[in-house]
Every structure is written in structure tokens, then in C-alpha cells.
Protein chains: 2
Amino acid sequence: MISKKAKYALKALKVLTKKFEANEPTLISDIAVEEKIPKKFLEAILLELRNQGILKSQKGKGGGYLLRTPPNEVSVAKVLRIIDGPIAPTPCVSVNFYGKCDDCESEETCSIRPIMLKIRNASLEIYENTSLLDLILKDSLTL
Amino acid sequence: MISKKAKYALKALKVLTKKFEANEPTLISDIAVEEKIPKKFLEAILLELRNQGILKSQKGKGGGYLLRTPPNEVSVAKVLRIIDGPIAPTPCVSVNFYGKCDDCESEETCSIRPIMLKIRNASLEIYENTSLLDLILKDSLTL
DNA sequence: ATATAATCTACTAAATATATAGATTATATA
DNA sequence: TATATAATCTATATATTTAGTAGATTATAT
């Protein structure tokens, strides 16, 4: 399961994706209301996305948040890694958060690693190749 | 990420799969030592697998745990659902643990649901079609 | 009767998830 | 330059989950 935080992040980014062409900052509170996200919690999420280079922000009147890059250039994988960490099901098959499993003698002989590798590959294939733009395009298609 | 508990469960089941033909009970403590799993923690895991019909047990001397059914009939999906719960990334796309997301107006218009559905399908395809027997067969191949 | 091995009951500690409250800082604009 | 605005920072709070541990009890083979 992805966290509610990650879901909130994707929903917030969806809003900013829809407003990307307009190039006008969007208020945290507007996003919070529109997507039913607790405002203070959303603040922390957007700040994190900004610090990791996904968003840019503007303080004061007329301020708010904007995507830093075009939405087709931001993958869902990137967002999930920032908010939830590893996408892989075990540390030993993670690309960005690799870690040796403390109960494992060797990765070569581990019997559960192969299936976890398959899961990781299948998940990454989808998450890496879906951009924020894709999210709203699919959105339109289902209407 | 799957929990360490789920990984322990799969490793324990791997041991029991290898010993399935012999039809002799295996001790909790033997599995614990062999797979470097805290014994008391493993006890709880095996009990859960037994209560859910994956294992059978025998008390007293000569006792221990055995697989209830042939290992090719037990999918990794079944094990993961018992130990970790849902395989799906969100409640709204879960087959066995479906639940409405409290922040969502409608599942039809949700923009992140389609990608989560894809992830679920890809994961289930792998987890459902991999049995305990497959785990050790792949194991042998990599030796 | 005894040793064995699973089972049951009851905790514990640490980490993570999901937030909330209030003070501070930067900025546009009147 | 004063003011309102809106993001940012600091500090908690609370519940749940994770990953265990300890010790008593029950069933069984010999």
C-alpha cells in the first residue's frame, strides 16, 4: 500500500498539472479544499516536493505553488520515492534505496529475491513510464 | 515494501516445501536457526499460517509443522495476504480488501486510480502465478 | 510419568503514519 | 512604509504498526 501522504501528493500535483499552462501560482488552501486534504498536512507535503525540486513556490500575495518542470517530465515513480521511499518490495532489489537484508546469507541463493525482482521490474515499468500529464490524460478518457 | 514478517513467512515455507516429500514434521526451532528468524516471532507466524489453512502441526515429541497441501498449490499471493494484508497499492483497487478511499469523491473520476489498477494487475499476475514450489525451483536454477 | 514441542496470554519498545497549533518570514501592493 | 497575504519553520500529539520477548499452558509420543 502507498501511504495516504503519497496519494495526497499525487492529487495535489494533479491539480497543479491542470493549471500548469496558466502559469499562475495555486494556493495550498485551494488544493486542500479541492482534494479534501488536511491543510497543514498538505503544507508539509508540498514543501517536501519543493525541496526535492518538483515544485517552486512564491510567498506573499499572489503567491502559491507551481510545477517547476512540464508535467510530462515528472514521473509518478519520482514522486513516490520522495514521499514513500522505496518502490521495491525488499531492500535487496531496490534501485534507489538498496540495502542488504540482515537475515540473508547471500543474494545469489535467496529463494524469494527472484520474485521480488520481478515485482520491482513490473512496478517500475509502470511508475517510471507514467507522468503527471498521463494521470490527467487518463482522467479525461474515463469521463 | 513487504514486511519482515512476510519475508520470514516465505522463508519458513520454503524450508517446509523442500521437506514436503519426506512428510516429516519440521521443528519451529530448526526453521528459526536455518533461516535466522527470531524463534518466538516465527512461532506466531507459523501459527497464523496454520490457522489460515496453509500449514498443519503436531504437538509433542516427533511433532512440528508441515505443509497442508502440495507446495505447487500455494501461491505467494495467498501467503502475503495472510501476513501483510492487501497486495494492491490502494484500498479502492484491492480485490480481497476493497475499501472506499475517504478522500475520494468517485472512483470513476479519480485520476490516480487507473495507474494503481495497473500496478495491482501487474503485481497479482506475478504473485498469483508463483507458487511455493516455484520459489525453490528458481532457487535451484540460480545455483 | 516424563520430556517434548506446539499453543496461548500478555507485554514492550521503536518506528511510522497522520495529523495539529502557533510563531515566523518573505512579498506584493496600497 | 504599513498591511495583508501566503508560504515556512518549530514543536508537538496521537494512533497504529512493526518487530519483537517472556513465561505459563496444553497435547502427545514413548
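This report concerns the structure included in the present document.

Rules used throughout
Residues numbered from 1 in each chain as written. Chains lettered and ligands numbered in written order. Predicted model: local features only at pLDDT ≥ 70, side-chain atom pairs only at ≥ 80, totals over all residues. Helix = DSSP H or I, 4+ residues; strand = E, 2+ residues; numbered from the N terminus. Buried ≥ 20, exposed ≤ 12 C-beta atoms within 10 Å, placed from the backbone. Contact = placed C-beta atoms within 7 Å. Near = placed C-beta within 6 Å. Nonpolar A, V, L, I, M, F, W, Y, C, P; charged D, E, K, R; others polar. Expected span 1.5 Å × (residues − 1).

Here the focus is the environment of Tyr8 of chain A. Residues and elements named next belong to chain A. By secondary structure assignment, the location of Tyr8 is in helix H1 (residues 4–18). Overall, the presence of 23 C-beta atoms within 10 Å leaves Tyr8 in the buried class. For the pair Tyr8 and Leu42, spaced 34 residues apart in sequence, the C-alpha separation works out to 7.3 Å. Once residues lying within four places of it in the same chain are set aside, the contact partners of Tyr8 are Ile37, Phe41, Leu42 and Ile45.

On to the protein's contact with DNA strand D. Inspection of the region around DNA strand D gives 24 residues, with Ser57 of chain A together with Ser3, Pro38, Lys40 and Gly60 of chain B positioned closest. Elements with a minimum of two residues in the surface near DNA strand D: helix H2 (28–35), helix H3 (39–51) and strand E2 (64–67) of chain A together with helix H1 (4–18) and helix H3 (39–51) of chain B. When residues of the surface near DNA strand D are assigned to their parent elements, the largest contribution, four residues, is made by H3 of chain A. Here the residues of the surface near DNA strand D are counted per class, giving seven nonpolar, eight polar and nine charged.

Residues and elements named next belong to chain A. Between its first and last C-alpha, H3 extends 18 Å over 13 residues, near the 18 Å set by a 1.5 Å rise per residue. Contact partners of the buried residues in H3: H1, H2, strand E1 (55–58), E2 and helix H4 (76–84). Gly53 occupies a position one or two residues after H3 and carries a positive phi of about 90 degrees.

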